[in-house]
Each structure stands twice: as C-alpha cells, then as structure tokens.
Amino acid sequence: MSENRPQLPTVGGGMPVIHYWAAKTLSTRGPRLWRTLNHKSACLSCAWGTGGQHGGFTNEVGESLQRCMKSVEAIHAELMPAVSEHFFERHSLTELQQLTSYEADRLGRWSFPVILRAGQSHYERLSWDELYEIATDAFQCPPERVASYSSGRSSNEAAYLLQLMIRALGSNNLADCSDLCHAPSTVGLKQVFGSGTSMVSLKSLKKSDCVVLVGSNAPANHPRLVNELIKIRDRNGHIIVINPVQEVGLVKFASPAFPIKSLLTGSEIASLYLQPIPGSDVALFVGIQKALLAMDLVEFDFLQGHVDGWEAVIEQVHATSWDTITATCGVAQREIEAAAQIIGQAQNVVLAWAMGITQQANGVDNVFSIANTALMTGNAGKEGSGTMPIRGHSNVQGFGSMGVTTKLKKEIQQALETLLGKSLSRVPGYDARALIEAADTHKVETLLCVGGNLYAANPDLAQAKSAFGKIKTVIYLATKPNLGHFHGLANQNTIIIPVFNRFETPHRTTTESGNNFVRLNDPGETHLKGDLISEVEFLTELAHRLLGNSPVDWRRLQNTEYVRQLIAQTIPGYAAIADIDKTEAEFTISGRIFKQPKFLTPSGKAQMQVTPIPELHLPKAEAFGISDQIPSLVLALITGRSYGQHNTVVYQLNDRYRAMPHRNCILMNPDDAKEAGFSNHQRVTVQGNADKLEQVEIIYGNIRSSAALMFYPEANVLFKAKIDSRCGTPAYKRVPVVIYAQS
Ligand SMILES: Nc1nc2c(c(=O)[nH]1)N[C@H]1C(S)=C(S)[C@@H](COP(=O)(O)OP(=O)(O)OC[C@H]3O[C@@H](n4cnc5c(=O)[nH]c(N)nc54)[C@H](O)[C@@H]3O)O[C@H]1N2
Ligand SMILES: Nc1nc2c(c(=O)[nH]1)N[C@H]1C(S)=C(S)[C@@H](COP(=O)(O)OP(=O)(O)OC[C@H]3O[C@@H](n4cnc5c(=O)[nH]c(N)nc54)[C@H](O)[C@@H]3O)O[C@H]1N2
Ligand code: SF4
Ligand SMILES: [Mo]
C-alpha cells in the first residue's frame, strides 16, 4: 500500500471531530457559527432533536454537550455568502450541469428568485410580481395534475400549510422524502401497533440494558445516539449491531461528550456484531426467534395477553429450517443464538433501525420481523424497551404528523374537512416514486418542491431527468443550490425561491424529533442581504392568491401562532401546541410512547405479521450483457452516505472512517475481490441495470462477502430499483451490480 493511501482508523469520532470543530469555529464564519450553535432552535441535521429552548447544546432531557460535528457541518454550509447577482449571467446552464454535488453546494446561498425559461441557456433574476403571476397561472390546472415534494428540513408550520393548500386545491399528491426513507417503518408499525413512530422516548431509552441496532450507521448519521449506546455499555448492558459493513464507529467510538473517559481511546460499542447479506434481515430475525423458542425465552404470557396473530408467526418460525435461515442471511447459527440469548435475557430491549432495514424490496417485512422479535420477548409497551425507527431529516417526522403524506390518517382528514368546509379528494396521491412515474407519463403539470432534491434522491437519474422535463412548471423553495436545480428542469419554467433556514426565519416555528418531542424554535436573522422569504410567507401568499380568504384566511396564517392553533385543532397528539407560545414548554406528543402493552389498534392488542423469508439471488454477469470471457463479479451493492455528506449534498470528498479517499470508490470484501482476480485500488467499471460508472476504485474494507458499498447520489445513475409496493420505498440497499476490469 502506498504511503499516501488513507488507513482505516480503529475508532470512530475522536480527535478528527475536535479538529473539525476547531477549524470551523475559528474560521471567518466562526463567531456567527458559535452564535448559531447557541440559538434556541433544533439542529438542522438529523432527527435526534438536539437544540431547542434549553439552548443549542442540550438534548431532550436537558443534558448538555450534545451538539455533534454534523450540526457544525450543516450550519457552516448555511452561513456561506450568497451566490452573486451576476453569477448566472456569466455561467450557462451547460456549465452548471458540470458541477458535482460538492461544487454546487459550495456556490453559496440562494438570495434572490431566479427562473430558467424554456429555450433559455441561463437562469435569470425574477421579480416577485412575475413569480407570483407564473406560479398562480401554473396552478390553474386539474388538481390531479398538481403535486408537491418536500424534505423534512422545514418547520411543522410550513409543512402544515403546504398540505392544507395542496388538499384545499383538491390534490393528494404530497410526495415527501420519507417515501424514500422510513415509509416502511410508518406502514409496518402502524399495522402492528396502530402508531407509526418510535414508541421509545429518550428518557425511556436510558432505562434500556440492550439495544439492537440494525442497518444504521449512527456514528455518522445520528452521532448523539451513540452517546446513549456508550452509557448502556457502561451500565453493563449490551449492544448488538446488525450490519453487513463493520462500521468502525460501531465497534469503538470516541465521543467528545465524554472527554476524559472516551475521547482518546474510544469506548466499545458493539458487544456482538453480526454481518448479514444485504436484504436478508428477515431471515436473521426469524433465526433469532427460532433460537428464542429453542432456549425457552419466548414470553407466551405476554403474547396471549397483548398480541393477536402470534400463533401463525410461531408456526412459521417452527417451519423454517436453520439451513434456510443461515443460507439466506449468511450468518452462522451460533452467532444468531448468541444474539437471541442476549435479547432473551436482557431486562429491557430497544430495537432500533435505519435505512439498512427500510430501503429494501421487503422493507415492511423487515419492520414486521423486528416488531415480532420485540413482542415475543415482551419488549413493547414497557419503559426502557420497544421499537425505535431512527428518523432521518431533522423534521421529517413532523412533516408526516402535519399530514404531508399520501396516507392521511382518517382523523386528520375529517378535521381538515371540517376546517375547509368541504370534503377532500379521495383520489390517491402520488408518493415520491409514483410522482416520478406519473411525471414521466405526462400526468404532472405543476410541481412545488419545498426543500430537498427530488431529482438526485431518486434511483435511475436518467428517468428522473426525463420525468422533470415533462412537467410544465417546477418551483423550488431552497436554501442552497443542489444538483436538482441544474438537472431537474421543467419543460417551461423552473423557478428557484430563496428561503430562510430554521435559525433565520423571522417567526417562531416548531419541529418534531424522531423521539416524538416537539421543539420550539426562536425567530432568528440571516447574514444575507438579499431577497429571501420564509416558507410560511410564500405558501400563505400563494394560497391566498389561489384560494382567496374563505373559509381559511391564508394571510392571517402568516402569523405562525395562528397556524399552531389550527395544528392543535386538527393534528392528533398535538393539543399542547396551542399553549406553546405562552408557556414555551416543549412537549412529548401524546399517544406515541407506549409504557403499557395497550396499543392503538382496534383490539388494543399488537397485530403480529408473518414475514416471508426473502429469496435473494444475484443475476449472472451475462444478464448485464457482460460476456463470461471478461473477469467480472456480481455483487449486492449498498448505496448510502459517506461520513461527510448530508443526503444528496456532499460536504467532504473522502470518508475517513471507511478509508475511502474520494467519491468514486467501491468498498469490497478483499476475499471476493481476490477470488475474482481484482486487487485493492484497481479501477473497475461498475454496472447496474440502468447505466455504468467507470474508473471506480476498489477499496478493501470490512464488508461481508457478496456485498459492496458505494455513495449516493452518484450511484443513483446505476439502477432502476425494486420497490416495496406497500410503501413505495426503493431498494437502495440491495442493488445488483456487476464489476469488471476496464478494457
Ligand atoms: N451526517 C448525516 N446525518 C444524516 C444524514 C446524512 O446524510 N448525513 N441523513 C439523514 C437521513 S435523511 C437519514 S434517512 C439517516 C440515514 O442514516 P443511516 O440509515 O444510518 O444511513 P445510510 O448511510 O443509508 O446507512 C445505513 C446503514 O445500513 C447498513 N446496511 C445496508 N444494507 C443493510 C442490510 O441489508 N441490513 C442491515 N442490517 N444493514 C444494512 C449500511 O452498511 C449502513 O451502515 O441519517 C440522517 N442523518
Ligand atoms: N441511492 C440512495 N438514494 C437515496 C438514499 C440512499 O440511502 N441511497 N436515501 C434516501 C433518503 S433516506 C432521503 S431522506 C432522500 C433525501 O432526499 P432530499 O431530502 O430530497 O434531499 P436532500 O439532499 O436532503 O436535500 C437537500 C436540499 O434541501 C434544501 N434545504 C435545506 N434546508 C432547507 C430548508 O430549511 N428549507 C428548504 N426549503 N430547503 C432546504 C437545500 O437546497 C439542500 O440542497 O434521499 C434518498 N435517496
Ligand atoms: S445528533 Fe443529530 S440532532 Fe444531535 S447535534 Fe448531531 S446532527 Fe444534530
Ligand atoms: Mo432519509
């Protein structure tokens, strides 16, 4: 290995994090960065919910020192200067389309509205008058041809207004990034427990003595969750990690929150690390259930008292052989038994998961199999235990609660009908994937994107681009330029509207964490001297122009206090928001945290579901058109995040914790590579069922045999994904690809 190749670190977090903090906070943006870190608002980055009224560094139970480096990264990016007025005169669209995600983000902040008109080669500045004229005109089409997409960085208030406007117009086309993310958790948990979110509060997590962490790279994506794992190990509890990749920060993590104990040497995280084949978690969990039965660790009293449908599940477990289980998941029986023993003997087990579980063709079954394991061991509806989807964007869960979903709860539908004085459309709405398919068949005329990057978040970027090109008008509300703004272009008019971020909005807002805690965000100010608008102001003004002021006075809703009154009236569990402006009391949403085994299903019992064992076969190289004369290897590709990116936005080009020096790498198992005749650092072509990437550098890593890992959004050119039809979520974590040597 040559000298300048990055080496794999043995600890996650640690001094590099401190160096990063120091570099950023001592930079020219440093003083403002510190002010922002202390601003009373929820962190922009993940849904762990750090920040809020007790100050920027506190978590939901008031503990300090909880801000992580990801928060600094996100704020630092938002504090960039504006993209200049003359930038678009000098740079044509063709030039902008050459930019990488990293370069696009580094252009700066949007600070005035721009438009790309049909046939023009340059974005140009747009006046607000003309903007509203074009926008109002664009919505004068049949409601089924209007759609929105959103990503959960905005506030509850913006989310509520977005869905209210779209539904008042007569459309249910409220696609959201959660469709690409935790939709299987929402769908699966609702079916089992009658509630689609985590049943574990942070307070409750602190009473657990065992966490099973499945398909999550928490050290990179939810760093402060790792503090809780460290504390559980300190209490002699157990952490079982289930992940095809051995993520270094899940083996050992050095947390700045424990400077003396942990920062230099790191704390051990996993007590047991299982590395299954991508997409095989159902088999692994059925294996755990089988071992629990064999060891007499299933709580039949609990099943009889609080669960329906358990007999069929137990029967399936009996009927599934160990051979089927181990051949499907690639984990040895004794390792599965070791996991079962820990789970079965622990007092309070929390089962937590992220994208490794949801972004699969059988994502909902994955969630069922986790819920079944919790129920068989009596770990649901009891403090310190339960099922815990680890949510993504900082307010993605709030968007769902506010009704930004194609699966609207009946209670919300009725409450909105009362509010609007009319019945809502019953035409099913498009989720994120359905929206792309509909657009691609000319069924969408106007698309309003409140944040996010619908183009680059999708699989098969060629299709996404073509789909956008068939939409007449696309309106983006955004803080920063991203690939979508240069590739997700409408047929007639593409408009970008610059918005304030959470710590800049001139009014109070609220957000909801993945632990069901509502944060109150103080008003703030921006460093930009431009023509920005708040999402709330834009949405209410547009709604006013489209719908008038009856029965809803949209302009009055520019006062977010009034929006919160409507939220209190119409959103289940949110009654306490009615007083939040007076009391400033942040709160846990009622009805979500189960401390008793009484669930929100009609019978009050949990509804166990049988989980078919997936049949996982990789195609042969010939299926990709690669002749058997060429050395090649077919692998199950995981596409996910590097350490230094936030979703489609790349902040750092390398991933130091996986020793991947740049974006165009594929992480592979050394034995797989050697057996097929490849070597470390060799450049290869990686091809999926849609396209290929060339000059991809092989990086040897601790990833299980038959699997590989690459970064999105770049990898999204490669494949058309399988979709779990129950939730619409693409199988981003098991993409069949072939790799072969450059000719
Ligand atoms: N810094 C930062 N923070 C973020 C984000 C970010 O991009 N950057 N994104 C936010 C968002 S929107 C989300 S959804 C979350 C995402 O957070 P994560 O879900 O942690 O992110 P991913 O990179 O998608 O990684 C998922 C993990 O699943 C593993 N995995 C892949 N396939 C399988 C499988 O079949 N089975 C199992 N058991 N594991 C598997 C991968 O190896 C990887 O470690 O993070 C949120 N927070
Ligand atoms: N292959 C592959 N594809 C994936 C995934 C994967 O793991 N693998 N993960 C999927 C997942 S989990 C998700 S959540 C999606 C992410 O998909 P999206 O949420 O659609 O994408 P982001 O990259 O998070 O969007 C970032 C943009 O949001 C805008 N923004 C930031 N803050 C604000 C704000 O306060 N207001 C407004 N209006 N705009 C703001 C900025 O312009 C920024 O460029 O990607 C999905 N795609
Ligand atoms: S763990 Fe998540 S919410 Fe907490 S500071 Fe880090 S990125 Fe922000
Ligand atoms: Mo996500």
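Looking at an unreviewed UniProt entry, the protein chain carries the name Putative oxidoreductase, with the source organism given as Acaryochloris thomasi RCC1774.

Novice: So what exactly am I meant to see when it comes to the site of ligand 2 here?
Specialist: The local shell around ligand 2 holds 33 residues, among which Tyr-149, His-393, Glu-535, Thr-648 and Asn-716 are the closest. Between ligand 2 and Gly-452, the relevant distance is 3.1 Å, taken from an oxygen atom to a main-chain nitrogen or oxygen of the residue. Class assignment for the residues of the shell around ligand 2 results in 13 nonpolar, 15 polar and five charged.

Novice: Got a minute to help me understand the domain arrangement of the protein chain in this structure?
Specialist: Buried accessible area, meaning the area lost when the parts come together, often serves as the stated size of an interface. When the domains of the protein chain are assigned, the result is domain 1 (2–78), domain 2 (87–177 + 396–499 + 534–572), domain 3 (183–394) and domain 4 (621–741). Computed from C-alpha coordinates alone, the two centres of domain 1 and domain 2 are separated by 30 Å.

Novice: How should I be thinking about the packing of aromatic side chains in this particular structure?
Specialist: How two aromatic rings sit relative to each other is given by the distance of their centres and the angle of their planes. Throughout the structure, instances matching the rule amount to 14 aromatic pairs. When the centroid spacing of 6.4 Å and the interplanar angle of 85 degrees are considered together, the rings of Phe-719 and Tyr-732 count as edge-to-face. A residue pair is termed long-range when its members are at least 10 positions apart, and Phe-719 in the loop between strand E27 (707–711) and strand E28 (723–724) and Tyr-732 in the loop between strand E29 (729–730) and strand E30 (735–741) qualify at 13 residues. Accessibility expressed as a relative area gives 5% for Tyr-732, which makes it buried. Ring pairing ties together the aromatic residues Phe-87, Phe-88, Trp-110, Tyr-123 and Phe-486, which thus form one cluster. Sitting above the plane of the Tyr-643 ring, Lys-70 keeps its charged end 3.8 Å from the centroid. Stacked on the ring of Tyr-132, the Lys or Arg Arg-545 has its end atom at 4.3 Å from the ring centre.

Novice: I tried to follow helix H9 (residues 183–193) on my own but got confused; where do I start?
Specialist: Along an α-helix, residues three or four apart share an orientation, since each turn contains 3.6 residues. Of all eleven residues making up H9, eight are buried, and the element is well covered by its neighbours. Of the residues making up H9, those classed as buried are Ala-183, Pro-184, Ser-185, Val-187, Gly-188, Leu-189, Val-192 and Phe-193. Where the residues of H9 are buried, they touch strand E12 (349–353), helix H19 (355–358), helix H20 (363–376), strand E13 (386–389), strand E20 (606–607) and E29. Positioned one or two residues after H9, Gly-194 has a phi angle of 80 degrees, which is positive.

Novice: Please explain the site of ligand 3 as it appears in this structure.
Specialist: Taken together, the neighbourhood of ligand 3 is formed by 13 residues, with Cys-43, Cys-46, Thr-50, Cys-68 and Arg-224 sitting nearest. Residue assignment for the shell around ligand 3 shows that the elements contributing at least two residues are helix H3 (69–78) and helix H12 (223–234). When the residues that make up the shell around ligand 3 are grouped by side-chain class, the tally is five nonpolar, five polar and three charged.

Novice: I'm lost on the layout of surface pockets in this one. Help?
Specialist: Over the atoms rolls a probe the size of a water molecule, and its path tells where empty space is left. Looking at the largest pocket, its volume works out to about 690 Å³. Lining of the largest pocket is provided by 33 residues; of these, Thr-186, Lys-190, Gly-400, Lys-407 and Lys-409 occupy positions nearest its centre. Elements represented by at least two residues in the lining of the largest pocket include exactly H9, helix H21 (396–401) and helix H22 (410–420). Per-class residue counts for the lining of the largest pocket are nine nonpolar, 14 polar and ten charged. Reported here for the second largest pocket is a volume of approximately 400 Å³. If you go around the second largest pocket, you meet 22 residues; those closest to its centre are Ala-361, Lys-722, Ala-731, Arg-734 and Pro-736. Across the lining of the second largest pocket, the residue classes break down as twelve nonpolar, five polar and five charged. Both of domain 3 (183–394) and domain 4 (621–741) provide at least three residues apiece to the lining of the second largest pocket.

Novice: Looking at this structure, I do not really get the UniProt feature "domain: Molybdopterin dinucleotide-binding" (unreviewed entry) in the protein chain. What am I missing?
Specialist: Taken from the UniProt record, the annotation "domain: Molybdopterin dinucleotide-binding" (unreviewed entry) applies to residues 635–736. Secondary structure over residues 635–736 splits into 6% helix and 38% strand, and the C-alpha atoms at its two ends are 6 Å apart.

Novice: Mind showing me how you'd approach empty space enclosed by the protein here?
Specialist: Going through the model one piece at a time under the given rule, you end up with six cavities of 30 Å³ or more. Volume-wise, the second largest cavity comes out at about 110 Å³. Lining the second largest cavity are 13 residues, and of these Asn-217, Ala-220, Gly-249, Tyr-643 and Tyr-657 lie nearest its centre. Partitioning the lining of the second largest cavity into residue classes produces six nonpolar, four polar and three charged. Counting contributing residues, the lining of the second largest cavity receives three or more from each of domain 3 (183–394) and domain 4 (621–741).

Novice: Please explain the sheet that holds strand E9 (residues 267–268) as it appears in this structure.
Specialist: Adjacent strands of a sheet pair through backbone hydrogen bonds, lying either parallel or antiparallel. Ordered in space as E1-E8-E9, the three strands form an open sheet in which the pairing is mixed. Whereas interior strands pair on both sides, the edge strands pair on one side only; in this sheet they are strand E1 (12–13) and E9.

Novice: Before we go on, may I ask you to explain the side chain of Ser-195 in this structure?
Specialist: Tracing the backbone through its elements, the reader meets Ser-195 in the loop between H9 and helix H10 (202–205). When neighbours within four sequence positions are excluded, Ser-195 is seen to be in contact with Leu-189, Lys-190, Arg-592, Phe-594 and Leu-600.

Novice: Honestly, the sheet that holds strand E14 (residues 446–450) in this entry has me stumped. Any pointers?
Specialist: With respect to topology, seven strands assemble into an open sheet ordered E3-E2-E16-E15-E14-E4-E5, the strand pairing being mixed. Looking at the sheet topology across the chains shown, the edges are occupied by strand E3 (124–125) and strand E5 (174–176). As paired elements, E14 and strand E15 (residues 473–478) share five bridges and run parallel to each other. Its bridge partner lying in E15, Thr-446 is registered against Thr-473. The strands touched by helix H7 (residues 128–138) are strand E2 (114–117), E14, E15 and strand E16 (493–498); relative to E16, the strand with the most contacts, the crossing angle is about 125 degrees.

Novice: Hey, could you run me through helix H8 (residues 156–168) in this one?
Specialist: Over its 13 residues, H8 runs 18 Å from end to end, which matches the ideal 18 Å to within 8%, given 1.5 Å per residue. Extensive coverage of H8 is indicated by the burial of 13 of its 13 residues. Just downstream of H8, Gly-170 is the residue with a positive phi angle, here 105 degrees.

Novice: What's the story with the side chain of Glu-78 in this structure? I'm lost.
Specialist: Position of Glu-78 relative to the elements: it lies in helix H3. One polar contact links Glu-78 to Thr-479, side chain to side chain, over a distance of 3.2 Å. Contacts of Glu-78, omitting those with residues within four sequence positions, involve Leu-44, Arg-109, Arg-153, Thr-479, Lys-480, Asn-501, Phe-503 and His-527.

Calculation rules
- Residues numbered from 1 in each chain as written.
- Chains lettered and ligands numbered in written order.
- Predicted model: local features only at pLDDT ≥ 70, side-chain atom pairs only at ≥ 80, totals over all residues.
- Heavy atoms only, no water.
- Near = heavy atom within 4 Å.
- Polar contact = N/O pair within 3.5 Å; in protein donor to acceptor, adjacent residues only side chain to side chain.
- Nonpolar A, V, L, I, M, F, W, Y, C, P; charged D, E, K, R; others polar.
- Domains from an automatic or database assignment.
- Phe/Tyr/Trp six-rings, centres within 6.5 Å; stacked < 30°, edge-to-face > 60°.
- Helix = DSSP H or I, 4+ residues; strand = E, 2+ residues; numbered from the N terminus.
- Buried < 20%, exposed > 50% of the residue type's maximum accessible area, 1.4 Å probe, protein only.
- Lys NZ or Arg CZ within 6 Å of the ring centre and 35° of its normal.
- Contact = heavy atoms within 4.5 Å.
- 1 Å grid on protein atoms, 1.4 Å probe; cavity = no way out; pocket = protein on both sides within 12 Å on 5 of 7 lines; lining within 4 Å.
- Points joined across faces, edges and corners; volume = space filled by probe spheres on them.
- UniProt positions renumbered as here; feature names shortened; annotations may be inferred.
- Pairing = 2+ DSSP bridges.
- Axes fitted to C-alpha atoms, helices over the stretch in contact; angles between N-to-C directions.
- Expected span 1.5 Å × (residues − 1).

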